[in-house]
Amino acid sequence: DQQVKQNSPSLSVQEGRISILNCDYTNSMFDYFLWYKKYPAEGPTFLISISSIKDKNEDGRFTVFLNKSAKHLSLHIVPSQPGDSAVYFCAASASVNTPLVFGKGTRLSVIA
Amino acid sequence: SQTIHQWPATLVQPVGSPLSLECTVEGTSNPNLYWYRQAAGRGLQLLFYSVGIGQISSEVPQNLSASRPQDRQFILSSKKLLLSDSGFYLCAWSVGGYGETQYFGPGTRLLVL
């Protein structure tokens, strides 16, 4: 049973436009959500997180939106740059006593 | 600042051979440590996690084992590798609870032939 789902395996966006990566979850106990970025042959890098008491968190070009009623979160990258091309993983946790649950990732390609 | 090291970076091993991958963390005490595997074209699969020396939790039954001989050292082992053990192995650490932000190492690419 996949508790964190990233239904789009890939996404292509033109440089300068907005990239929107989506993530759905099924466990209503999840209260902390994260996005990681991964380049080939490297470890994932933490990007941004949000707790369930908020519906938006912004860090520079990256904004994460959380819709608890829909059990959906999204990562917006504005403006998209070629260096943003990578695999993006969504992750969630239900409490401090359970490990993070990761989605399968979405490969973002930003085309110049 | 905290840093995490993994070695080797790349490993090619024959089927049936043993395996030992090492991960060490610097700049923090009592970290939670994790081993993940990313198979080709797949997501991140949590293999083991540890809250302290000698304390290992396994997520999936498999051909692998983990040990934590020191506070900031985590080792992934196998007595006999299978072809299906090929993949990209990642070590990560966190502080506080297991559900907190994890920080990943550079990974080890393992190819079993």
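In this text, all values refer to a predicted model and were calculated from it rather than measured experimentally. (Residues numbered from 1 in each chain as written. Chains lettered and ligands numbered in written order. Predicted model: local features only at pLDDT ≥ 70, side-chain atom pairs only at ≥ 80, totals over all residues. Heavy atoms only, no water.)

## Quick word on the overall build of chain A
Then, in step 1: When you go through chain A residue by residue, the secondary structure sums to zero helices and eleven strands.
Then, in step 2: Ordered by position from the N terminus, the helices and strands of chain A form the series β-β-β-β-β-β-β-β-β-β-β.
Then, in step 3: For chain A, the C-alpha radius of gyration of 13 Å lies close to 13 Å, the compact-globule estimate for 112 residues.
Then, in step 4: Expressed along its principal axes, the backbone C-alpha trace of chain A runs to roughly 40 × 30 × 20 Å. (Helix = DSSP H or I, 4+ residues; strand = E, 2+ residues; numbered from the N terminus. Rg over C-alpha atoms; globule rule 2.2 N^0.38 Å.)

## Quick notes on a nonpolar patch on the surface
Then, in step 1: A cluster of nonpolar residues, I18, I20 and V78 of chain A, forms a patch on the protein surface that exposes about 220 Å² of accessible area.
Then, in step 2: If you trace the backbone, I18 of chain A turns up in the loop between β2 (10-14) and β3 (19-25). (Patch = residues over 30% accessible without salt bridge, like charges linked within 9 Å, V, L, I, M, F, W, Y side chains within 5 Å. Areas by Shrake-Rupley, 256 points an atom, 1.4 Å probe, with all protein chains shown as cover. Salt bridge = Lys/Arg side-chain N within 4 Å of Asp/Glu carboxyl O.)

## Regarding the packing of aromatic side chains
Then, in step 1: Applying the stated criterion across every chain yields a total of 14 aromatic pairs over all chains.
Then, in step 2: With a centroid separation of 6.5 Å and an interplanar angle of 25°, the aromatic rings of Y34 of chain B and Y49 of chain B are classed as stacked. One end of the pair, Y34 of chain B, is in strand β4 (residues 32-38); the other, Y49 of chain B, is in strand β5 (residues 44-52), with 15 residues separating them in the sequence. For the pair formed by Y34 of chain B and Y49 of chain B, the shared burial category is buried.
Then, in step 3: Three or more aromatic residues joined by ring pairs make a cluster, and in this case those are Y36, F46 and F102 of chain A together with Y34, Y36, Y49, W93, Y103 and F104 of chain B. (Phe/Tyr/Trp six-rings, centres within 6.5 Å; stacked < 30°, edge-to-face > 60°. Buried < 20%, exposed > 50% of the residue type's maximum accessible area, 1.4 Å probe, protein only.)

## Comments concerning the interface of chain B and chain A
Then, in step 1: Counting residues at the interface gives 21 residues for chain B and 20 residues for chain A.
Then, in step 2: For the interface between chain B and chain A, the tally reads five residue pairs in polar contact (both at pLDDT 80 or more).
Then, in step 3: Where the side of chain B that touches chain A is concerned, the elements lending two or more residues are β4, β5, β9 (87-94) and β10 (103-104) of chain B.
Then, in step 4: Residues belonging to the side of chain B that touches chain A are distributed by class as follows: eleven nonpolar, seven polar and three charged. (Contact = heavy atoms within 4.5 Å. Polar contact = N/O pair within 3.5 Å; in protein donor to acceptor, adjacent residues only side chain to side chain. Nonpolar A, V, L, I, M, F, W, Y, C, P; charged D, E, K, R; others polar.)

## Points about the state of the cysteines
Residue and element names in this part refer to chain A.
Then, in step 1: A complete count under the given rule lists two disulfides over all chains for this structure.
Then, in step 2: One disulfide in the model links C23 with C90; its S-S distance is 2.0 Å. Taking the sign of the torsion about the S-S bond as the criterion, the disulfide between C23 and C90, at about -75°, is left-handed. Within this pair, whereas C23 is found in strand β3, its partner C90 is found in strand β9 (residues 86-93), the two being separated by 67 residues in sequence. We note that C23, like C90, is buried. (Disulfide = S-S within 2.5 Å.)

## Structural notes on the sheet that holds strand β6 (residues 56-59) of chain A
Sheets are built from strands paired through backbone hydrogen bonds, the pairs being either parallel or antiparallel.
Then, in step 1: Read across the sheet, five strands follow the order β1-β3-β8-β7-β6 (chain A) without closing on themselves; strand pairing throughout is antiparallel. Each having just a single partner strand, β1 (4-5) and β6 of chain A make up the two edges of the open sheet. (Pairing = 2+ DSSP bridges.)

## As for the pairing of β4 of chain B
Residues and elements named next belong to chain B.
Then, in step 1: Counted residue by residue, β4 has seven buried out of seven residues, so it is predominantly covered.
Then, in step 2: Side chains of β4 alternate between two faces, with N32, Y34, Y36 and Q38 and L33, W35 and R37 buried alike.
Then, in step 3: In the sheet, β4 pairs with β9 via seven bridges, with the strands oriented antiparallel. Among the inter-strand pairings, Y36 is bridged to a residue of β9, identified as L90.
Then, in step 4: Where β4 meets β5, six bridges bridge the pair, whose relative direction is antiparallel. Counterpart to Y36 in the pairing with β5 is L46.

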